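# Coordinate analysis (summary)
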Amino acid sequence: MSVSVLGSGAFGTSLAISLTGNGSVTLWSRDQDQAHHMQTARENTQRLPGVALPADIKVTSNIDQATKADVLLIAVPMQKLRDALQAQASDLAGKTLVACCKGIELSSGLGPISVIQQTIPDARPALLTGPSFADDIARGLPTALTLACADDSLSLTLQHDLTTANLRLYRTTDMIGAELGGALKNVMAIGCGAAIGAGLGESARAALMTRGFAEMQRFALMRGARPDTLMGLSGLGDLVLTCSSELSRNYRFGLSLGRNIQFDTHTTVEGVATARAMTEIATAEGLDMPISTTVADLSSGAYSVTEAIRALLNRPLKEE
Ligand SMILES: NC(=O)C1=CN([C@@H]2O[C@H](COP(=O)(O)OP(=O)(O)OC[C@H]3O[C@@H](n4cnc5c(N)ncnc54)[C@H](O)[C@@H]3O)[C@@H](O)[C@H]2O)C=CC1
Ligand SMILES: O=C(CO)COP(=O)(O)O
């Protein structure tokens, strides 16, 4: 089996490192200078510093070379996915494309699988998602992920080809549920970070995680997800990880909101755009999503943390 990872950020690089024992692995960067630097330094100093790239990984900025592989993992931020696919559309036609991003596209309200289906209609799409920090994967720490794919036979092949000694893949055919769990947990992580950053305490975080999970389920079921998918790695599992660790960029962004300090604008924080997308869809569908709406307002600067908490606590009392 040969795999190429398109997108040499933290996650793409960590997956390439993890997959090296499974066959031929190519890591593609759109940036020729970055590819050259990684090839010679054997490290992604920009996005995954401190972890060596195994000698077997081929690093390239040549897309023709990268797209020769049997399986292509697409590891770019959600809001860049459509551009990335369109730019290479002819090379990607008919390929097995495994999206590795978490989010809802702001311009369309779609998740990664639907964006692949729209841009490369004859591709064979799948999604890799679940609780996993790039750093943990790259260091070979044990990690379990969900592989979502509607085609059973392709799913079995991918599960086999992408499982490694420390990366254990579970299959599901529920692509909607898997992509929404991964997208929506980032929104809740921003909210939890903001609560902790503002000194509101662990009880407030537990309340936000639980009520946030209720919103995730409501939203995902409305879009056709299966309830059990949300209870699995791609939903609850990733919610727990991301809302409770400072390794999460979404959580750290929330912390900075709570502490009222600047956050590096070059850092990928998927939950910001997804909170807006989610809020727009929920409003159109008449769905009650108070935490997501509040996170969207907090992230855009429309609300302070104090105003956000007051608004959430003053909502009408109801059954759980
Ligand atoms: N970092 C992590 O621990 C994890 C990240 N993810 C997901 O993986 C996705 C990517 O995240 P990271 O790799 O962490 O982000 P990152 O910010 O480290 O890297 C993003 C990469 O995408 C590339 N890129 C951006 N636009 C592009 C385009 N149009 N064409 C080609 N390449 C493009 C950038 O050059 C950069 O190398 C996100 O959706 C994230 O939620 C999922 C699990 C874990
Ligand atoms: O998705 C992740 C963990 O599963 C990574 O989270 P962040 O994007 O918040 O860093």
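Everything quoted here is computed from the prediction, not taken from an experiment.

## Thoughts on the site of ligand 1
- Near ligand 1 there are 20 residues, and of these Ala10, Ala134, Arg249, Thr268 and Glu270 occur at the shortest range.
- Measuring from an oxygen atom of ligand 1, one finds a side-chain N or O atom of Arg30 at 3.3 Å.
- Taking Arg47, its side chain carries an N or O atom lying 3.2 Å from an oxygen atom of ligand 1.
- Counting only elements with at least two residues in the shell around ligand 1, the list comes to α1 (10-19) and α4 (78-87).
- For the shell around ligand 1, the class distribution of residues is ten nonpolar, four polar and six charged.
- Counting residues domain by domain, the shell around ligand 1 receives three or more from each of domain 1 (2-173) and domain 2 (183-314).

## Here's the deal with the UniProt feature "binding site: substrate" (unreviewed entry) in the protein chain
- As recorded in UniProt, the feature "binding site: substrate" (unreviewed entry) lies at Lys102, Arg249 and Asn250. Maximum C-alpha separation among the annotated residues is 12.8 Å over a sequence range of 149 residues, consistent with a single clustered spot.
- As for its placement among the helices and strands, Arg249 is situated in helix α13 (residues 249-259).
- Its relative accessible area of 36% is what places Arg249 among the partly exposed residues.
- The residues touching Arg249, leaving out its near neighbours within four places in the chain, are Phe263, Thr267, Thr268 and Val269.

## Quick notes on the UniProt feature "binding site: NADPH" (unreviewed entry) in the protein chain
- Following the UniProt record, one finds the feature "binding site: NADPH" (unreviewed entry) at Phe11, Arg30, Lys102, Ala134, Arg249, Val269 and Glu270. The greatest C-alpha distance among the annotated residues, which extend across 260 residues, is 22.8 Å, indicating that they are dispersed rather than converging on a single site.
- Residue placement: Glu270 occurs in helix α14 (residues 270-285).
- You can call Glu270 buried: its relative accessible area is 11%.
- Residue contacts for Glu270: discarding those within four places in its chain leaves Pro77, Met78, Gln79, Cys101, Lys102, Asn186 and Asn250.

## Quick word on the packing of α4 against helix α6 (residues 112-119)
- In the contact formed by α4 and α6, the axes pass within 10 Å of each other and the chain directions differ by 20°. By the angle between their directions, the pair α4 and α6 is classed as roughly parallel. Crossing angle aside, the handedness with which α4 passes α6 is right-handed. Contact residues: Met78, Leu81, Arg82, Leu85 and Gln86 in α4; Pro112, Val115, Ile116, Gln118 and Thr119 in α6.

## Describing the packing of aromatic side chains
- Throughout the structure, instances matching the rule amount to one aromatic pair.
- On the basis of an interplanar angle of 75° and a centroid distance of 5.5 Å, the ring pair of Phe253 and Phe263 is categorised as edge-to-face. Pair noted here: Phe253 is in helix α13 and Phe263 is in the loop between α13 and α14, with a separation of ten residues, a long-range link. You'll find Phe253 and Phe263 in the same group, each marked buried.

## A short note on the side chain of Thr96
- With respect to the helices and strands, Thr96 occurs in strand β7 (residues 96-99).
- When near neighbours in sequence (up to four residues on either side) are disregarded, Thr96 contacts Asp70, Val71, Leu72, Arg124, Leu154 and Leu158.

## Considerations on the nonpolar core
- Judged by nonpolar contacts, the single largest core of 35 residues is most densely connected at Leu15, Leu73, Val98, Leu128, Leu158 and Leu162.
- Sort the elements by how many residues they give to this core and α1 lands first, with six residues.
- Leu208, Met216, Leu239 and Ala282 belong to the second-largest nonpolar core, a separate cluster that totals 34 residues.

## Describing the pairing of strand β9 (residues 143-148)
- Of all six residues in β9, five are buried; the element is thus mostly enclosed.
- Sheet topology note: the β9/strand β10 (residues 167-172) ladder contains six bridges and is parallel. The residue of β10 that forms the bridge with Thr143 is Leu167.
- Crossover connection from β9 via helix α8 (residues 152-162) to parallel β10: handedness right-handed.

## Quick look at the packing of helix α10 (residues 202-222) against helix α15 (residues 290-300)
- Here α10 crosses α15 at 105°, and the two axes come no closer than 8 Å. Judged on the interaxial angle alone, α15 and α10 are roughly perpendicular. Of the residues in α15, those touching α10 at Leu208, Arg211, Gly212, Glu215 and Arg218 are Pro290, Ile291 and Ser292.
- Along the lines of polarity and charge, the residues of the contact of α10 with α15 split into three nonpolar, two polar and three charged.

Quick notes on the rules
Residues numbered from 1 in each chain as written. Chains lettered and ligands numbered in written order. Predicted model: local features only at pLDDT ≥ 70, side-chain atom pairs only at ≥ 80, totals over all residues. Heavy atoms only, no water. Near = heavy atom within 4 Å. Polar contact = N/O pair within 3.5 Å; in protein donor to acceptor, adjacent residues only side chain to side chain. Helix = DSSP H or I, 4+ residues; strand = E, 2+ residues; numbered from the N terminus. Nonpolar A, V, L, I, M, F, W, Y, C, P; charged D, E, K, R; others polar. Domains from an automatic or database assignment. UniProt positions renumbered as here; feature names shortened; annotations may be inferred. Buried < 20%, exposed > 50% of the residue type's maximum accessible area, 1.4 Å probe, protein only. Contact = heavy atoms within 4.5 Å. Axes fitted to C-alpha atoms, helices over the stretch in contact; angles between N-to-C directions. Parallel < 35°, antiparallel > 145°, perpendicular 65-115°, else oblique. Left-handed = near helix turned anticlockwise from the far one by under 90°. Phe/Tyr/Trp six-rings, centres within 6.5 Å; stacked < 30°, edge-to-face > 60°. Core = buried A, V, L, I, M, F, W, Y, C linked by side-chain atoms within 4.5 Å. Pairing = 2+ DSSP bridges. Right-handed = clockwise from strand over helix to strand, strands pointing away.

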